[in-house]
Amino acid sequence: MLTVEKLGDLTGKKVMVRVDFNVPLNGKEIRDDNRIVSALPTIKALVNKGGRIALFSHLGKIKWGKVDDEEIAKEKAKNDMQFVYPRLKELLAPTVVKFTNATHGEELKKAIDELKDGEVLLVQNTRYEKGESKNDPALSADWASNFDVFVMDAFGSAHRAHASTYGVPEILKKENKTCALGYLMEKEVKNLRRCVNPDAHPYVAILGGFKVSDKIKVIDSLLKKCDRILIGGAMAYTFLKALGKKVGNSPVEEDQLDYALKCYASGKIVLPVDTVVADDMENPTAIETVKTDAGIPEGFEGFDVGTETIDLYKSYIKDAKIIFWNGPVGVFEKDVFSKGTIAVCKAITDNKDCFSVIGGGDSAAAAKQFGYADKFSHVSTGGGASLEMIENDGHLPGIDVIGE
Ligand code: ADP
Ligand code: MG
């Protein structure tokens, strides 16, 4: 696949770069600039090659559904790419970095045409355009008409076939224009492909978190690749209920019980043998650890894995050669429910003989918070994208469209 590294001189060329500047915000403040920092190697390389660089990214969500104009204006105001602009300018100094509020048409074209070699333009939030998420052909054509080269560096959005991730490169490819992957994408693809086509065993996956319905589908494909899947987090209760255990007030995906049983029949699924339960997540007045066989009592909910489960997990983690981890195994944000997730971080990074990957925003945040993030082989910038990449055997729309 063509990568930034292999692109030649770009003097005079107009380059569209799809970056992932979807940073967490606190009002107008950037809470974590990691995504901006991660995009710098690609941007700097393109600047050094003399290109005229336009950066496109989404920021947050704009609900276009039933809301009226005023509500949309409010949503836009909350997700304004101008919040990103000062930090980007600072990080890229002394490179000239401009900003345009235009997201289509003549005004956008003018801003791009005014760029000089080696200058950068940050474009307003792609989701200000209703057609972005629908991969609207007219919007894609409008954007594509401005560019000679397309570079994809937004791994976190590569599982979405939107106008900026798919529509534009699809058009440019047809016009025999250059489409390439950025450094960030290249690294993600290389590392995650080892989780898709494992070159060593045992391969252990750890799945947790809260978004069960998003994640449960990936188990099917992981079962074909992994030797063990350790299940924690909210997903565990669906499995335990399917096996006839009492789960008290814990969340269960009732429509996935049969599927859970089918997965369990593989013999590869490892479930919690004990659970830390409480009467309330925010203000627990009673916290205890119950054995899975005894079941979680009514009025209680599971919030973390227990110590025996941690020991069981460790027994698999210590011998693994490849580990893919998505989803904290407990509510790690609360001290009292963080032990399981900390133990998972420690066990994985204690195994010096394994290739370890985190694919999940909250899992990555947990590893960072507890001081383990640097010790993993790879921390993916895309949770949903990394899961879908595994689910689709290494394929994602935003990668496939770039082509060979
Ligand atoms: P990731 O971003 O790593 O993919 P998710 O977004 O699916 O992970 O889930 C992260 C959230 O899951 C965390 O905020 C954590 O508090 C929550 N969580 C983990 N275990 C449980 C549980 N047993 N019950 C409720 N929430 C849980
Ligand atoms: Mg998350």
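Trainee: Any chance you could break down the pattern of salt bridges for me, citing the residues and the numbers?
Mentor: With the rule as written, the count across this model stands at 22 salt bridges. The shortest N-O distance in the salt bridge between Arg87 and Asp33 comes to 2.8 Å. In this pair, Arg87 sits in helix H3 (residues 85–92) while Asp33 sits in the loop between strand E3 (29–30) and helix H1 (34–48), placing the two residues 54 residues apart along the sequence. We note a salt bridge from Glu254 to Lys241, for which the minimum N-O separation is 3.0 Å. Of this pair, Glu254 sits in the loop between helix H9 (235–242) and helix H10 (257–264) while Lys241 is found in helix H9, placing the two residues 13 residues apart along the sequence. In the salt-bridge network here, residues are joined through shared partners; they are Lys14, Lys109 and Asp113.

Trainee: Mind laying out the environment of Lys268, listing which residues take part and the relevant values?
Mentor: Tracing the chain through its elements places Lys268 in the loop between H10 and strand E11 (269–270). Among the residues examined, Lys268 registers a relative accessible area of 24% and is labelled partly exposed. C-alpha of Lys268 to C-alpha of Asp280: the two residues are 12 residues apart in sequence and 32 Å apart in space. Lys268 has contacts with Leu223, Cys226, Asp227, Arg228 and Ile229, leaving out every residue within four places of it along the chain. In this structure the side chain of Lys268 is engaged in a polar contact, spanning 2.9 Å, whose partner is the backbone oxygen of Cys226.

Trainee: Run through the site of ligand 1, naming residues and quoting values.
Mentor: The local shell around ligand 1 holds 20 residues, among which Phe210, Lys215, Glu333, Asp362 and Ser363 are the closest. Within the side chain of Asn326, an N or O atom sits 3.5 Å from an oxygen atom of ligand 1. Note that an oxygen atom of ligand 1 is positioned 3.3 Å from one of the backbone N or O atoms of Gly361. Relative to its unbound accessible area of 580 Å², ligand 1 is 90% covered by the protein chains. Where the shell around ligand 1 is concerned, the elements lending two or more residues are strand E14 (301–305) and helix H13 (361–369). Taken together, the residues of the shell around ligand 1 break down into seven nonpolar, nine polar and four charged.

Trainee: Just give me the short version of the side chain of Thr341, but keep the residues and values in it.
Mentor: By the secondary structure assignment, Thr341 is in helix H12 (residues 339–350). We classify Thr341 as buried; its relative accessible area is 0%. Of the polar contacts made by the side chain of Thr341, one reaches the backbone nitrogen of Gly330; its length is 3.4 Å. Those residues in contact with Thr341 that lie beyond four places of it in its chain are Asp304, Trp325, Pro328, Val329, Gly330, Phe332, Ala366 and Phe370.

Trainee: Which residues make up a nonpolar patch on the surface, and what values go with them?
Mentor: Where nonpolar side chains cluster on the molecular surface, the patch consists of Leu243, Leu261 and Tyr264 and spans about 230 Å² of accessible area. Within the secondary structure, Leu243 is located in the loop between H9 and H10.

Trainee: Describe the packing of aromatic side chains, naming the residues involved and giving the relevant values.
Mentor: Counted under the stated rule, the structure contains six aromatic pairs. With 5.9 Å between their ring centres and 80° between their planes, Phe56 and Phe147 make a pair best called edge-to-face. Linking Phe56 in strand E4 (residues 52–56) with Phe147 in the loop between helix H5 (137–144) and strand E7 (149–152), this pair joins segments that are 91 residues apart in sequence. Each member of the pair, Phe56 as well as Phe147, is classed as buried. Measuring from centroid to centroid gives 5.5 Å for Tyr85 and Phe99, while their planes differ by 40°, and the two rings are tilted. Within this pair, whereas Tyr85 is found in helix H3, its partner Phe99 is found in strand E5 (residues 97–100), the two being separated by 14 residues in sequence. Of the residues examined, Tyr85 reaches a relative accessible area of 16% and is grouped as buried. An aromatic cluster of at least three residues, connected via ring pairs, comprises Phe56, Trp143 and Phe147. Cation over ring: Arg194 sits above Phe355, and NZ or CZ is 4.0 Å from the ring centre.

Trainee: Could you give an account of the environment of Arg194, with specific residues and numbers?
Mentor: Note that Arg194 resides in helix H7 (residues 183–196). Along the primary structure Arg194 and Ser380 are separated by 186 residues, whereas in three dimensions their C-alpha atoms are 13 Å apart. Residue contacts for Arg194: discarding those within four places in its chain leaves Asp199, Ile322 and Phe355. Looking at Arg194, its side chain comes within polar contact range of the side chain of Asp199, at 3.2 Å.

The rules behind each value
Residues numbered from 1 in each chain as written. Chains lettered and ligands numbered in written order. Predicted model: local features only at pLDDT ≥ 70, side-chain atom pairs only at ≥ 80, totals over all residues. Heavy atoms only, no water. Salt bridge = Lys/Arg side-chain N within 4 Å of Asp/Glu carboxyl O. Helix = DSSP H or I, 4+ residues; strand = E, 2+ residues; numbered from the N terminus. Buried < 20%, exposed > 50% of the residue type's maximum accessible area, 1.4 Å probe, protein only. Contact = heavy atoms within 4.5 Å. Polar contact = N/O pair within 3.5 Å; in protein donor to acceptor, adjacent residues only side chain to side chain. Near = heavy atom within 4 Å. Areas by Shrake-Rupley, 256 points an atom, 1.4 Å probe, with all protein chains shown as cover. Nonpolar A, V, L, I, M, F, W, Y, C, P; charged D, E, K, R; others polar. Patch = residues over 30% accessible without salt bridge, like charges linked within 9 Å, V, L, I, M, F, W, Y side chains within 5 Å. Phe/Tyr/Trp six-rings, centres within 6.5 Å; stacked < 30°, edge-to-face > 60°. Lys NZ or Arg CZ within 6 Å of the ring centre and 35° of its normal.

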